[in-house]
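Secondary and tertiary structure notes
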Amino acid sequence: MAREIPAEKALGLLRSRLCDPNFAFKALSHSDDSNYSKLKFLVSSSITEACNNSILLLGPRGSGKIAVLELVLSDLLQEYPDMISVIRLSGLLHSSDNCAFKEIARQLCMEHQLVFSRMASFDDNSQFMIAMLRECGLAHKTIIFILDEFDLFALGKQKLLYSLLDAMQSVTSQAVVIGVSCRLDADMLLDKRVRSRFSHRKLLFLPPANEDIQRLLEHILSLPTDSSFPPDYAVAFNTKLQNILADERFKEIISTYLNFDSTVKHLLRYLFRAVSYMDLESGMLSLENFKAALSNIQRHPKLECIKDCSILELYILVCMKRLEIKEQNSYNFNSVMKEYKSIHDSVKTSDYFARNVCLRAFEHLLQRELIGFTDNRGQNHSVEFTPVKLLVSFHELHQGLKSYGSCPAILQQLMDRQK
Amino acid sequence: MDYDEESIKNILAKPSRAHELAANSQKGRFFGLQKIGVKKIPEHVRCHKQTDLERAKAALLLASLPKSLPCRDKEMLEITAFIKDAISDDKCLGRCLYIHGVPGTGKTMSVLAVMRNLRTEVDAGSIRPYSFVEINGLKLASPENIYRVIYEALSGHRVSWKKALHLLNERFSEGKKIGKEDDKPCILLIDELDLLLTRNQSVLYNILDWPTKPHSKLVVIGIANTMDLPEKLLPRISSRMGIERLCFGPYNYQQLQEIVSSRLKGINAFKEQAIEYASRKVAAISGDARRALEICRRAAEITDYRLKKLISNSNNASQGKSLVGMAEVEAAIQEMFQAPHIQVMKTSSRLSKIFLTAMVYELYKTGMGETTFEKLAMTVSCLCTSNGEAFPGHDMLLKIGCKLGECRIVLCESGAKHRLQKLQLNFPSDDVTFALKDSKELPWLAKYL
């Protein structure tokens, strides 16, 4: 009983670490060549030298762009306490120019304890922003604009980007514009006027190398040996962990997992699941936890969907497959019914159902996206006449039938036969 | 927390009063901002003596105005002559000037420099006063708002754009004075003129029609990027705009070199060859002065970064004198203008690399760039079985394709289309080959690339 409490505490600590991306990226950001130190140098020199800068952070999703940015900002807010204001915008929420200027005005008013009015017009808000930039520049305060999902701000006339970058160029302002995007061609989306004013600084975020991943695993999963845990428990836990990490089978599990996606966020998601399987009785991680997590996290939704189908639904899928093999490129529910009837006529199965039951099964398949309409404009016609197509490949259907519990033998034969 | 309190404040207070006193409304602006300017200017910014590199970086900032504008003397003389000619007569005749050139060639800067010089002449009393209104087409909420902005600049009152149009018509067509102003000529500078284009082109027509009226005393200078903007307009407008044009061509490398060197005068931080190298590179691509300045500034930053890391790492008290050389300029150009996709492809996951190889292989086999997910899955399956890799399953492959599509390495339709999803490489297959053929973990990819 007494041993459960440190185990639960350990589990809580590990889970909270895994949910906080800053913790993981802090471990990866020690070298001088890391994106963390480059970004920190750029922003801090903009603050101390009173200059303007714009930079784009690019990289696949989950590579840590926002996490590293937050680390840099929290460090800078401690080093220069009153000299920074941070304005955060997101392309998903504020891509319309009106909305974006209003949001900037609101955040500026909040930062400096001014009264904000929701009814100010577009012109008012943009002039307010420029006036604030000038005033903050005179007072040596830097305003950092973070534009998340930057590529969404580049739709339309790009008035926000133009105004910001132009103000940075002509007014006594001290501003840093940091755009974050997962599209690698985000700077190509800019209009030529905006591109000319943008300073083309880019930081690329790439997945970590293998050695870094090993170090990261150790750093995240080891318990601290200070007084928060009973010392023998912590030491035993860490030793067991080292054994697991050195095990060849573990290395294979991790590399199989990372074959799919090698970003850090993906890895953290997996570790969270593995850690959640930890046995609270023994209070230790084991290799089985990692294996179970791997099989659980790598799922095959389509195969599972096929396994969940009823026999009639399988019949319909097989009929559609046969129609496609016969090169009938456009077919609808009626054609499928004809094929179904012809099968029943030639083979005399026991699974012959009425038309309205088949229609229900057909609609189930549509809802589960195993089949789909060929174009969405045909929604006005009834379900029976709209052309449909299979959304699973023949290979997947074949595999699904093979692993189906009680698949009638006739279906397998129909699949295999070409006619 | 703050936002809730403030919204309650907004509800409880009388709406019109709160709106007037709000910092972002028109009238409230001067109440709030003085609070910001009053804070103490921190000492440390002025304290430490700037190194040469830091002075160079400050001089190369786009925001710092150069003392003089090199390489645009001829154009500035022409603009000065145009304006003086237009406003010097007692009966000022309205004129239009159309300035065009690619971005970064100094158009707005030249006009503003000319206006500053004329301002000093007005103060000295050698020419009559005039009013100057500067408008940017891309900063207006809509093209019609330009009337409101012009009227507000001339009279100080804010009215709706329809009323403003009416009043401006009276002013320019009929010569009625606005407010207490005397008969000053008005110079209107419109930046990003092509944004004022509406469907029936009425805004542009009005603006360019007023100078032709006898009592208008309006001089319009329009700036845009395209050489043939007047030709794209209706004939009645192009006849008014297209007569006087001034072209600002892209800079050649000597001009760029002069621009950068004149900013760095007195600061010994750059090697001559480095500036020349940057100028030649930019002149070959676009001739944009901003790009040249940013490359040089970035090169200075890289040098500064390396220097500071060296000092902090080796605890060496001596400040090595380090000039910005061609290597740093080359590094800046690589960083700023090299497309990042090759590096991303090189470091992508194992299955992503197999996916991309399969796409290149399909391209070679069928000769068509576009393929469907089903065909691609079969190709991947063949590749995997012939090289001893485990096939990941259609679902995982779809996810990988969508992830590559999110980065725009591959162009793909929505993943909801499953096997009917169409995919296409977004980059030439040579780039993919270059990135993947020397991969250490998958040497067999080279066979298919």
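Residues numbered from 1 in each chain as written. Chains lettered and ligands numbered in written order. Predicted model: local features only at pLDDT ≥ 70, side-chain atom pairs only at ≥ 80, totals over all residues. Heavy atoms only, no water.

An unreviewed UniProt entry lists chain A under the name Origin of replication complex subunit 4, with Prunus yedoensis var. nudiflora given as the organism.

1. A word on the overall build of chain A
A tally of regular secondary structure across chain A gives 20 helices and seven strands. Taken over the C-alpha atoms alone, chain A extends approximately 90 × 65 × 35 Å along its principal axes. Counting all 419 residues of chain A, 58% fall into the buried class. Taking the contacts inside chain A whose residues are at least 6 apart along the sequence as the reference set, 73% of them involve residues at least 24 apart. Total accessible area on chain A stands at roughly 18,000 Å², and carbon and sulfur atoms take up 52% of it. Taking the average place of the 49 positive charges on the side chains of chain A and the average place of its 49 negative ones, the gap between the two points comes to 6 Å. (Helix = DSSP H or I, 4+ residues; strand = E, 2+ residues; numbered from the N terminus. Buried < 20%, exposed > 50% of the residue type's maximum accessible area, 1.4 Å probe, protein only. Contact = heavy atoms within 4.5 Å. Areas by Shrake-Rupley, 256 points an atom, 1.4 Å probe, with all protein chains shown as cover. Lys, Arg positive; Asp, Glu negative; His and termini not counted. Charge placed at Lys NZ, Arg CZ, Asp CG, Glu CD.)

2. Here's the deal with the UniProt feature "domain: ATPase AAA-type core" (unreviewed entry) in chain A
The UniProt entry lists residues 55-201 of chain A under the feature "domain: ATPase AAA-type core" (unreviewed entry), expressed in the numbering used here. Taken as a whole, residues 55-201 of chain A contains 47% helix and 18% strand, while its terminal C-alpha atoms sit 5 Å from one another. (UniProt positions renumbered as here; feature names shortened; annotations may be inferred.)

3. Here's the deal with the sheet that holds strand E3 (residues 186-191) of chain B
Residue and element names in this part refer to chain B. Pairing in this open sheet of five strands is parallel, and the strands run E2-E3-E4-E1-E5 from one edge to the other. Only two strands of the sheet have a single partner each, and these edge strands are strand E2 (131-136) and strand E5 (245-247). Averaged over all pairs of adjacent strands, the angle between strand axes in this sheet comes to 15°, irrespective of strand direction. In the sheet, E3 pairs with strand E4 (residues 218-224) via five bridges, with the strands oriented parallel. Within E4, the residue paired with isoleucine 187 across the bridge is valine 219. In the packing of helix H6 (residues 73-88) onto the sheet, contacts are made with strand E1 (95-100), E3, E4 and E5, and the angle to E1 comes to roughly 165°. Its contacts with the sheet put helix H7 (residues 107-124) on E1, E2, E3 and E4, and the angle it makes with E4 is roughly 150°. (Pairing = 2+ DSSP bridges. Axes fitted to C-alpha atoms, helices over the stretch in contact; angles between N-to-C directions.)

4. With respect to the packing of helix H5 (residues 97-111) of chain A against helix H8 (residues 159-170) of chain A
For any two helices packed against each other, one specifies the inter-axial angle together with the distance between the axes. Residue and element names in this part refer to chain A. Following both chains from N to C, one finds H5 and H8 inclined at 45°, their axes separated by 9 Å at the closest point. Between H5 and H8, the angle falls in the class oblique. Between H5 and H8, the residues in contact are Asp97, Ala100, Phe101 and Ile104 and Lys159, Leu160 and Ser163, respectively. By residue class, the composition of the contact of H5 with H8 is four nonpolar, one polar and two charged. (Parallel < 35°, antiparallel > 145°, perpendicular 65-115°, else oblique. Nonpolar A, V, L, I, M, F, W, Y, C, P; charged D, E, K, R; others polar.)

5. A closer look at the interface of chain A and chain B
Counting residues at the interface gives 86 residues for chain A, matched by 90 residues for chain B. Taking both partners together, chain A and chain B bury about 8,000 Å²; carbon and sulfur atoms supply 56% of that area. Our count for the contact surface shared by chain A and chain B stands at eleven salt bridges. With a shortest N-O distance of 3.1 Å, Asp194(B) and Arg193(A) are connected by a salt bridge. For the pair chain A and chain B, the number of links is 33 residue pairs in polar contact (both at pLDDT 80 or more). (Buried area = accessible area lost by both parts, 1.4 Å probe. Salt bridge = Lys/Arg side-chain N within 4 Å of Asp/Glu carboxyl O. Polar contact = N/O pair within 3.5 Å; in protein donor to acceptor, adjacent residues only side chain to side chain.)

6. Topic: the pairing of strand E1 (residues 53-58) of chain A
All names here are of chain A. Within E1, six of the six residues are buried, leaving the element largely enclosed by the surrounding structure. Side-chain alternation along E1 places Asn53, Ile55 and Leu57 on one buried face and Ser54, Leu56 and Leu58 on a second face that is also buried. Bridge count for E1 against strand E5 (residues 201-204) is four bridges, and the pairing is parallel. Of the residues in E5, the one forming a bridge with leucine 58 is leucine 204.

7. Re the sheet that holds E5(A)
Residues and elements named next belong to chain A. Taken together, the five strands give an open sheet; going across it, the order is E2-E3-E4-E1-E5, and neighbouring strands pair in parallel fashion. Taken across any chain shown, the strands that pair with only one partner, and hence form the sheet edges, are strand E2 (84-90) and E5. Within this sheet the neighbouring strands show an average axis-to-axis angle of 20°, counted without direction. In this sheet, strand E3 (residues 142-148) lies alongside E2 in parallel orientation, the contact comprising seven bridges. Residue leucine 89 lies in a different strand from E3, and its bridge partner there is leucine 147.

8. Digging into the side chain of Glu324(A)
Looking at where Glu324(A) falls in the secondary structure, it is placed in helix H16 (residues 311-325). When its relative accessible area of 14% is taken as the criterion, Glu324(A) is described as buried. With near-sequence residues (within four places) excluded, Glu324(A) lies in contact with Tyr331(A), Lys389(A), Leu390(A), Phe394(A) and Arg419(B).

9. Quick look at helix H9 (residues 161-174) of chain B
Residues and elements named next belong to chain B. An ideal rise of 1.5 Å per residue puts 20 Å on 14 residues; H9 measures up with 19 Å between its terminal C-alpha atoms. Buried residues of H9: Ala164, Leu165, Leu167, Leu168, Glu170, Arg171 and Phe172, and no others. In this structure, the buried residues of H9 make contact with helix H8 (145-155), E3, helix H10 (202-209) and E4. Glycine 175 occupies a position one or two residues after H9 and carries a positive phi of about 85°. (Expected span 1.5 Å × (residues − 1).)

10. Re the packing of helix H10 (residues 210-221) of chain A against helix H11 (residues 231-246) of chain A
All names here are of chain A. Two elements in contact, H10 and H11, have axes whose closest approach is 11 Å; the angle formed by their N-to-C orientations is 155°. Considered as vectors, H10 and H11 are oriented roughly antiparallel to each other. Where H10 crosses over H11, the handedness of that crossing is right-handed. On the side of H10, the interface is formed by Gln214, Leu217, Glu218 and Leu221, while H11 contributes Phe237, Leu241, Gln242 and Leu245. Tallied by class, the residues present in the contact of H10 with H11 amount to five nonpolar, two polar and one charged. (Left-handed = near helix turned anticlockwise from the far one by under 90°.)

11. Topic: the pattern of salt bridges
Considering all chains together, one arrives at 52 salt bridges over all chains under this definition. Between Arg106(A) and Glu103(A) there is a salt bridge; the shortest N-O distance is 2.9 Å. Remark: Glu103(A) and Arg106(A) occur in helix H5; sequence separation between them is three residues, near one turn of the helix. Taken as a pair, Arg106(A) and Glu103(A) share a single burial class, namely buried. As a salt-bridge pair, Arg298(B) and Glu335(B) come within 2.7 Å of each other at their nearest N and O atoms.

12. Topic: the confidence of the model for chain A
For chain A, the average pLDDT comes to 88, and 97% of its residues sit at 70 or higher. Taken element by element, chain A is modelled with least confidence in helix H20 (residues 409-416) of chain A, mean pLDDT 78, and with most confidence in strand E4 (residues 175-181) of chain A, mean pLDDT 95. (pLDDT = per-residue confidence, 0-100.)

13. A closer look at unusual backbone geometry
Notably, Gln158(A) is not glycine yet its phi reads approximately 60°, a positive angle. One can find Gln158(A) in the loop between helix H7 (150-153) and H8. According to the relative accessible area criterion, Gln158(A) is buried, its value standing at 4%. The backbone phi angle of His418(B) is positive, close to 50°, even though this residue is not glycine. Secondary-structure assignment places His418(B) in the loop between strand E7 (410-412) and strand E8 (422-425). Exposure remark for His418(B): the relative accessible area of 12% places this residue in the buried category.

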